[in-house]
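Summary of the model geometry
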2 protein chains.
Amino acid sequence: MSLKREHCNVEGTLREAGLSQTARRVAVLTVMIQADGPLSAGDILKRTDPEQKINKVTIYRILSSFRENRIIRELPTDQGMNLYEMSCRHNPSHPHFYCKTCRTMSCLPPVNLSQAQESFAGQNVFRIDDVHVHVTGVCRQCHRQDKI
Amino acid sequence: MSLKREHCNVEGTLREAGLSQTARRVAVLTVMIQADGPLSAGDILKRTDPEQKINKVTIYRILSSFRENRIIRELPTDQGMNLYEMSCRHNPSHPHFYCKTCRTMSCLPPVNLSQAQESFAGQNVFRIDDVHVHVTGVCRQCHRQDKI
DNA sequence: AAATAAATTGCAATCGAGTTGCATTTTATA
DNA sequence: TATAAAATGCAACTCGATTGCAATTTATTT
Ligand SMILES: [Mn+2]
Ligand SMILES: [Mn+2]
Ligand SMILES: [Zn+2]
Ligand SMILES: [Zn+2]
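What comes next concerns the included structure. These numbers were taken from a predicted model, which means no experiment stands behind them.

**Re the overall build of chain A**
Scanning chain A for helices and strands turns up six helices and six strands. Secondary structure of chain A in N-to-C order comes out as α-α-β-α-α-β-β-β-β-α-β-α. Here chain A, with 148 residues, has 47% of them falling under the buried criterion. Put simply, of all contacts in chain A between residues at least 6 apart along the chain, 41% involve residues at least 24 apart. When the accessible surface of chain A is split by element, carbon and sulfur atoms take 45% of a total near 8000 Å².

Written out as structure tokens, the structure is:
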């Protein structure tokens, strides 16, 4: 489920999103593109050049701007913190497996939900306790009330 | 997607789970059974009898025991807090729709994932931004290492 | 290149859902 | 009733994430 091969271009991605090219954004996006799985804000901070000593607030603000621009997607965990991964054409939306024991999230191939239980058996999955589908968007009521 | 009609019995549910019948547990479970959608810990606190003035810590501990006994299931939101709903035979696992605008979570009927986009169109869904499948359990590595 | 306006960043403080330790109260069992 | 076990309240705490504001950096215009 890793990508690596033929992935996004940092400068081009920022330009297309209309985000100015700052050293901080380039550093964070480079980490995200090179990641082989979902990362937490703390993971990202650790993987940036220590010389840059980026503030954690900056990490969160950059992650927010990336999320708003669909450069990354945010994956909530059962532990109350979020993980992040690239959301580009090289990495379309897919299921994730979260191990409650080692608290690691791993990516799973896209699959038909009704076949999920059997299909995930071949992955790094010993036991499945729950399969949860989470749909996000805007409801009719909010659209009617012009909240968006 | 509401239940109401022919739902679980409070005393029987606690007994089957091996949980002692305390006034607090009865109050929380009654709220959960009567709920017409996922509730937050704060929602539950508000819906219990003010005369009982239950402590929020007690709410969280009761929710944990209910979750461990599969009486309820926990639904993480994009806002960093959890919602809870009954996890009994009357309410099998199903997708949820979370509106980013009004921050309300509503239940959706079980559906084939590949048909999700079209199938959810008839619900209180104006626009779908993301369909995320979240699988929870234990990975092979953790099982091998006897962490469980 | 220098000046200006706009956007980004760091720092400290703060938020808030959720947790922990411990004393007190309630429940189950004898 | 007496006793042990479990549940609860209270206060303090954790930690990921957010906010306000001043300082810095970037983009844009002379
Ligand atoms: Mn992934
Ligand atoms: Mn539901
Ligand atoms: Zn694991
Ligand atoms: Zn809404």
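**Focus on the coordination of the manganese ion (ligand 2)**
All names here are of chain B. For the manganese ion (ligand 2), the protein coordination sphere consists of Glu85 (OE), His94 (NE2), His96 (NE2) and Cys107 (SG), at 1.9 to 2.3 Å. The sequence pattern formed by the donor residues of the manganese ion (ligand 2) is E-x8-H-x1-H-x10-C. Placement of the pair is His94 in the loop between strand E3 (82-86) and strand E4 (96-99) and Cys107 in strand E5 (residues 105-107), with a sequence separation of 13 residues. Here Cys107 falls in the buried class, since its relative accessible area comes to 13%.

**Things to note about the sheet that holds strand E1 (residues 39-40) of chain A**
All names here are of chain A. On the basis of which strands lie adjacent, the open sheet formed by three strands has the order E1-E3-E2 and antiparallel pairing. Because the sheet does not close on itself, it has two edges, and the strands there are E1 and strand E2 (72-76). Taken together, the five bridges between E2 and strand E3 (residues 82-86) define a ladder with antiparallel strand orientation. In the sheet register, Leu75 faces E3, and the bridge partner there is Leu83. Packing against the sheet, helix H2 (residues 23-34) makes contact with E1, E2 and E3, and its axis sits at approximately 80° to E3.

**Quick notes on the environment of His143(A)**
Residue and element names in this part refer to chain A. Relative to the helices and strands, His143 is located in helix H6 (residues 140-144). The partly exposed category is assigned to His143, whose relative accessible area is 34%. His143 sits 135 residues away from Cys8 along the chain, and the two C-alpha atoms are 34 Å apart.

**Notes on the protein's contact with DNA strand D**
In the vicinity of DNA strand D, 20 residues are found, and the nearest of them are Tyr60(A), Thr22(B), Arg24(B), Arg25(B) and Thr58(B). Tyr60(A) is positioned with one of its side-chain polar atoms (N or O) 2.6 Å from a phosphate oxygen of DNA strand D. Here Arg25(B) contributes a side-chain N or O atom positioned 2.4 Å from a phosphate oxygen of DNA strand D. Secondary-structure elements contributing two or more residues to the surface near DNA strand D are helix H4 (56-68) of chain A together with helix H2 (23-34) and helix H4 (56-68) of chain B. Looking at the surface near DNA strand D residue by residue, the classes come out as seven nonpolar, seven polar and six charged.

**With respect to the pairing of E3(A)**
Residue and element names in this part refer to chain A. In terms of burial, E3 is a largely internal element, four of the five residues being buried. In the sheet, E1 pairs with E3 via two bridges, with the strands oriented antiparallel. Within E3, the residue paired with Ser40 across the bridge is Leu83. If you look at the hairpin formed by E2 and E3, you'll find five residues sitting between the two strands, and Gly80 has a positive phi there, around 85°.

**Overview of the relation of the copies chain A and chain B**
Superposition record for chain A on chain B: RMSD 0.2 Å, screw rotation 179°, translation along axis 0.1 Å. One copy is carried onto the other by what is essentially a two-fold rotation axis. No C-alpha of chain A lies nearer the rotation axis than that of Val133(A), which sits 2.1 Å from it.

**Remarks on the interface of chain A and chain B**
Counting from both sides, the interface comprises 47 residues of chain A and, opposite them, 48 residues of chain B. Its largest share of buried area at the contact with chain B, chain A owes to His132(A), His134(A) and Val135(A), together 16% of the area lost on that side. At the junction of chain A with chain B, the criterion picks out zero salt bridges. Those elements giving two or more residues to the side of chain A that touches chain B turn out to be E2, strand E4 (96-99), strand E6 (125-139) and H6 of chain A. Top element by residues in the side of chain A that touches chain B is E6(A). It accounts for 15 residues.

**A word on the sheet that holds strand E6 (residues 125-139) of chain B**
Spatial ordering of the open sheet is given by E5(A)-E4(A)-E6(B)-E6(A)-E4(B)-E5(B), a layout of six strands whose pairing is mixed. Each of the sheet's edge strands pairs with one partner strand only, and the pair in question is strand E5 (105-107) of chain A together with E5 of chain B. Across the sheet, the mean angle separating the axes of adjacent strands is 30° when strand polarity is ignored.

Procedures and definitions
Residues numbered from 1 in each chain as written. Chains lettered and ligands numbered in written order. Predicted model: local features only at pLDDT ≥ 70, side-chain atom pairs only at ≥ 80, totals over all residues. Heavy atoms only, no water. Helix = DSSP H or I, 4+ residues; strand = E, 2+ residues; numbered from the N terminus. Buried < 20%, exposed > 50% of the residue type's maximum accessible area, 1.4 Å probe, protein only. Contact = heavy atoms within 4.5 Å. Areas by Shrake-Rupley, 256 points an atom, 1.4 Å probe, with all protein chains shown as cover. Donors = N, O, S within 2.8 Å, 3.2 Å for Na, K, Ca; no water. Pairing = 2+ DSSP bridges. Axes fitted to C-alpha atoms, helices over the stretch in contact; angles between N-to-C directions. Near = heavy atom within 4 Å. Polar contact = N/O pair within 3.5 Å; in protein donor to acceptor, adjacent residues only side chain to side chain. Nonpolar A, V, L, I, M, F, W, Y, C, P; charged D, E, K, R; others polar. Least-squares fit on C-alpha atoms with pLDDT ≥ 70 in both. Buried area = accessible area lost by both parts, 1.4 Å probe. Salt bridge = Lys/Arg side-chain N within 4 Å of Asp/Glu carboxyl O.

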